[in-house]
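Examining the three-dimensional arrangement
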Amino acid sequence: MAIHQLSETMINQIAAGEVIERPASVVKELVENALDAGAGRVEIVTAGGGLNLIRVSDDGSGIAADELELAVSRHCTSKLSTDIHDIRSLGFRGEALPSIGSVSRLTIRSRMASSDAAVEIRVEGGTVSATRPAASNRGTSVEVRDLFFATPARLKFMKGERAETTAINDVVKRIAIAFPGVRFSLSGSDRTALEFPEVDDAAGGRLQRIAQVMGAEFPENSIPIDAVREGVRLAGHVSVPSYSRANALQQYAYVNGRPVRDKLIGAAIRGAYADVLPRDRNAVTVLFLTLDPAHVDVNVHPAKADVRFRDPGLVRGLIVGAIREALAKAGLRSATTGAA
Ligand code: ADP
Ligand code: MG
């Protein structure tokens, strides 16, 4: 066969294979978009573990009528201007909406505050319809139906409604901790609804949000962390050794406000607790790392959950040292056992 260019839909479906692994990935991308748009309220509705329906509505900036088509076009973004090393928004690749649209039935309705009319665009299995007038409140509502109907091979890999719902809840909790000033609500076809009312970002709001997400017992069973080493700041809360879990799901980590899942951070936490926790137990932690954006690469993976630190040893040492010191200060471990 002669060499030819792949169709736009094929290209988007290939990208979707990386960016959109499961319904929770869609929720993550849509919630991140809402937050990037400055939303104060994010409402998530799902059905069938997100495979039948995911709807994310926000009261953010909205999308201009003449930009709606661009929003679902590949590599089109209003966020990244010129410098890949200085990314302040959650999104920056311009890949999520075209990817989602290529594997589902996607409808976006939006109204900017400055406009009195809303518009709507639909994408079905990669086919984009013309933008048309619609009815909508200020902000944006993105509806994804029949996820993966256009890629049956991917659909077969889904683990079932319960597992997908659990993954969606986890995504929302992770993001909600990073944005205490935003109200989140999540409701699905089962009883696993979440509701996180907005709290005052400044006055201890972060701990209030952590309690909303992780339960009121967590603050009572944790100690605060706040340490700086060579310009890298680590803040947060870590559980006392008696408050541990069988898995590491309740270890939340953020780098410059962005939720991350990072092996290095997980390993450092394990190291910090090595002499106070049995090997099969995991601490419950919420850690916020703040560092010069030039010292961390968030552009490692399309789903952006991984990061790469310029100085991994510094970050590891900071986490291990700060947690051990906090535990020792609280009288929960001897200050002399083990070195950071
Ligand atoms: P990215 O987030 O990387 O820019 P996306 O495909 O997720 O790429 O979104 C494309 C563009 O659509 C965004 O840059 C933004 O301009 C617009 N957009 C998407 N969702 C929203 C939203 N909820 N509110 C306002 N604008 C949005
Ligand atoms: Mg995005």
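Residues numbered from 1 in each chain as written. Chains lettered and ligands numbered in written order. Predicted model: local features only at pLDDT ≥ 70, side-chain atom pairs only at ≥ 80, totals over all residues.

**Here's the deal with the overall build of the chain**
Which entries qualify depends on this criterion: Secondary structure elements follow DSSP: runs of H or I no shorter than four residues count as helices, runs of E no shorter than two count as strands, and numbering proceeds from the N terminus. Exposure is read from a count of other C-beta atoms within 10 Å of each residue's own; the residue is exposed at 12 or fewer, buried at 20 or more and partly exposed in between. C-beta atoms are placed from the backbone.
When its secondary structure is counted, the chain shows 10 helices and 18 strands. When its C-alpha atoms are laid out on the principal axes, the chain stretches across 65 × 50 × 40 Å. In the chain, buried positions account for 41% of the 340 residues.

**With respect to the nonpolar core**
As a rule of thumb, nonpolar side chains are buried together in soluble globular proteins. Threshold: Definition of nonpolar core: a set of buried Ala, Val, Leu, Ile, Met, Phe, Trp, Tyr and Cys residues joined via C-beta atoms within 7 Å. Residue ranges for the domains trace back to a domain assignment, done automatically or taken from a database. Remark: residues whose backbone-derived C-beta atoms lie within 7 Å of one another are considered to be in contact.
One finds Val27, Val31, Val172, Ile319 and Ile323 to be the most contacted residues of the largest nonpolar core, which totals 87 residues. Here this core takes eight residues from helix H10 (residues 312-329), the largest share from any one element. Structurally, this core is a two-domain feature, drawing no fewer than three residues from each of domain 1 (8-196) and domain 2 (215-329). The residues touching Ile319, leaving out its near neighbours within four places in the chain, are Leu234, Ile265, Ala268, Ile269, Ala272 and Leu287.

**Section: H10**
Just so we agree on the cut-off: Take the number of residues in a helix, subtract one, and multiply by 1.5 Å to get its expected span.
If you check H10, its first and last C-alpha atoms are 26 Å apart, about what 18 residues at 1.5 Å a residue would give, namely 26 Å. Taken residue by residue, H10 has Val315, Leu318, Ile319, Val320, Ala322, Ile323, Arg324, Ala326 and Leu327 as its buried positions. For H10, the elements touching its buried residues are strand S10 (222-229), strand S11 (232-239), helix H9 (263-273), strand S16 (285-290) and strand S18 (308-309). Among the residues trailing H10, Gly331 stands out with phi positive, at a value near 75°.

**Re the site of ligand 1**
Keep this limit in mind: In this text, near has one meaning. A residue is near a molecule or strand if its C-beta atom, placed using the backbone, is within 6 Å of it. Gly falls in the polar group here, along with every residue not listed as nonpolar (Ala, Val, Leu, Ile, Met, Phe, Trp, Tyr, Cys, Pro) or charged (Asp, Glu, Lys, Arg).
Close to ligand 1 lie 21 residues; Asn33, Ala37, Thr77, Ser78 and Gly91 are nearest. Of all elements in the fold, only helix H2 (23-36) and helix H4 (96-103) reach the threshold of two or more residues within the shell around ligand 1. Among the elements that make up the shell around ligand 1, the one with the highest residue count is H2 (three residues). Of the residues in the shell around ligand 1, the class split is seven nonpolar, nine polar and five charged.

**So, the environment of Arg183**
Structurally, the position occupied by Arg183 is in strand S8 (residues 183-187). On the neighbour-count criterion, Arg183 (18 C-beta atoms within 10 Å) is partly exposed. Considered as a pair, Arg183 and Glu43 are 140 residues apart in the sequence and their alpha carbons are 8.1 Å apart. Ignoring any residue separated from it by four or fewer positions in sequence, one finds Arg183 in contact with Gly40, Arg41, Phe196, Pro197 and Glu198.

**A few points about the domain arrangement of the chain**
Per the domain assignment, the segments of the chain are domain 1 (8-196) and domain 2 (215-329). For domain 1 versus domain 2, the distance between C-alpha centres works out to 28 Å.

**Section: the pairing of strand S1 (residues 41-47)**
Two faces, one strand: in a regular strand the side chains alternate between the faces of the sheet. This is how the line gets drawn: Strand pairing follows a simple DSSP-based rule, namely that at least 2 bridges must link the two strands.
On S1, burial follows the alternation: Val42, Ile44 and Thr46 on one face are buried, whereas Arg41, Glu43, Val45 and Ala47 on the facing-out side are not. Of the strand pairs in this sheet, S1 and S8 are connected by five bridges, and their pairing is parallel. Note on S8: the bridge partner recorded for Arg41 is Arg183. Remark: five residues form the turn of the hairpin made by S1 and strand S2 (residues 53-58), two consecutive strands paired antiparallel; Gly48 in that turn has positive phi of roughly 65°.

**Observations regarding the pairing of S16**
A large share of S16 lies buried, amounting to five of its six residues. The sheet contact formed by S11 and S16 spans six bridges and is antiparallel. Paired with Leu234 across the bridge in S16 is Leu289. Looking at chain direction, strand S13 (residues 251-255) and S16 are connected through five bridges and run parallel. Bridging across to S16, Tyr252 finds its partner in Val286.

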